[in-house]
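Survey of secondary and tertiary structure
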Amino acid sequence: MEPVYATREDVMRALDVKLTARSARQIDRALQSASRDIDALCHRRFYPEQATRGFDWPGSQYRPSWRLWLDDQELISLTSIASGGTAISPADVVLYPLSGPPYNRVETNLGTSAAWGGGATHQEDISLTGLYGYRLDETTVGALAAAVATTTATTITVNGAASAELGVGSVLRVDSERMLVTNRAMADTGQNLGADLAAQKNSVTVAVADGTAYAIDEVLLIDSERILIVDIAGNSLTVERNWDGTVLAAHTAGADIYAPRALTVTRGALGTTAATHADASSVVRWDPPGLVHDLTIAETINRLTNEQAGYARTRKTGDGGTSERAKNAQDLPDLRTQVYNAHGRKARHRAV
């Protein structure tokens, strides 16, 4: 599965739906469809992927002898180059545009002896190794709560800060390894409820041993009730009760506190290599452009609500007649246009 540009939790929060296995699968599928639609709309892929890719030289691009157009294989950064089996120093080429990634062409520096060609044929004469994609916008969201001791483990545990910031669909990086979050599960936080909690909506203070171990927006599980942390003051958590459709209940002091800190991940994703990682290693999240993130959520919601209506949502025509037309989300076309204008690869870009 390719990365998506919003998380399952983003969509659930927007729709205010409770977590069930059925809705989770439906949302994941709609997220994939929406994200790939955005790739097609903008004629580019936004997620970062480490790879080595070949390019024909000379090809049919009608380019000068020193220029290689990358088309939809845009670069974020370049690691190594070879042409005709001969290595070329990255210092001997220039990446364009000079304003920064995504880079859409590579030119040999005319002040050096570097040149394309020299292979037996033109096919894949040039080989570029680097990070492909749109931009590398990353945010450090937390840290590992335990070491990742093997390269085959598919579950990692994160601390409260990362738990609040990551969701199913997140692209994360630990050291040089990228991972895709495919599921989340509750894990024991190692702390217990410090005082009784009544079965009342206004009973919103949860006493814990160490408030710094938690984060605002983290969802906790006590017995069978989920609660949402909305504020933290010292070792007191202010919470929203019976969150995510769970039942309001009384809880006694000493009850275990769980949080969705166990992440099921795809290891060595997007061209990276699975590795071991030390406890407390930083967890870094890749962030898609804001408009792309918004459109992914909007397209996903549109798909889900259309599915629920059997793709039969209709509206009255404005001419006073009784005929009906298919009802579409009215703001979606404007949002699509905004995304394309801001991030789409435009036609005839070489002629500009």
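Structural data are supplied above this passage.
Relative to strand β7 (residues 126-132), strand β3 (residues 75-83) runs antiparallel, the two being bridged by seven bridges. Within β7, the position partnered with Ala82 by the bridge is Ser127. Where β3 folds back on strand β4 (residues 86-88), the antiparallel hairpin that results is connected by two residues, among which Gly84 adopts a positive phi of roughly 60°.

Looking now at the sheet that holds strand β6 (residues 105-108). Read from one edge of the open sheet, three strands run β2-β6-β5, paired in antiparallel fashion. Since the sheet does not close on itself, it has two edges, and those belong to β2 (67-69) and β5 (93-96), each with one partner. Put simply, the sheet's adjacent strands are angled 20° from each other on average, direction ignored. Bridging between β5 and β6 involves four bridges; their strand directions are antiparallel. Directly across from Tyr96, in β6, lies its bridge partner Arg105.

Now for the nonpolar core. Core analysis: the largest hydrophobic core is formed by 18 residues, its most contacted members being Leu68, Leu75, Val106, Trp116 and Leu128. Contributing elements (two or more residues each) for this core: β1 (49-55), β3, β5 and β7. Core analysis: the second largest hydrophobic core is formed by 16 residues, Cys42, Tyr47, Tyr134 and Leu270 among them.

This paragraph deals with the packing of helix α4 (residues 290-308) against helix α5 (residues 332-343). One way to put it is that α4 packs onto α5 with a least axis distance of 10 Å and a crossing angle of 150°. As far as their axial angle goes, α5 and α4 are roughly antiparallel. With respect to the hand of their crossing, α4 and α5 are arranged in left-handed fashion. Across from Leu291, Val292, Asp294, Leu295, Ala298, Glu299 and Asn302 in α4, the residues of α5 making contact are Leu332, Leu335, Arg336, Gln338, Val339, Ala342 and His343. Here the contact of α4 with α5 is built from residues that sort into eight nonpolar, three polar and three charged.

Another point: α5. In this model α5 runs 16 Å from its N-terminal to its C-terminal C-alpha over 12 residues, within 8% of the 16 Å that 1.5 Å per residue would give. Turning to α5, its buried residues are Leu332, Leu335, Val339 and His343. When α5 is viewed along its axis, its buried side chains cluster within an angular range of 65° and face the same direction.

Cut-offs used in this document
- Residues numbered from 1 in each chain as written.
- Predicted model: local features only at pLDDT ≥ 70, side-chain atom pairs only at ≥ 80, totals over all residues.
- Heavy atoms only, no water.
- Pairing = 2+ DSSP bridges.
- Helix = DSSP H or I, 4+ residues; strand = E, 2+ residues; numbered from the N terminus.
- Axes fitted to C-alpha atoms, helices over the stretch in contact; angles between N-to-C directions.
- Core = buried A, V, L, I, M, F, W, Y, C linked by side-chain atoms within 4.5 Å.
- Buried < 20%, exposed > 50% of the residue type's maximum accessible area, 1.4 Å probe, protein only.
- Parallel < 35°, antiparallel > 145°, perpendicular 65-115°, else oblique.
- Left-handed = near helix turned anticlockwise from the far one by under 90°.
- Contact = heavy atoms within 4.5 Å.
- Nonpolar A, V, L, I, M, F, W, Y, C, P; charged D, E, K, R; others polar.
- Expected span 1.5 Å × (residues − 1).
- Arc of directions from axis to C-beta.

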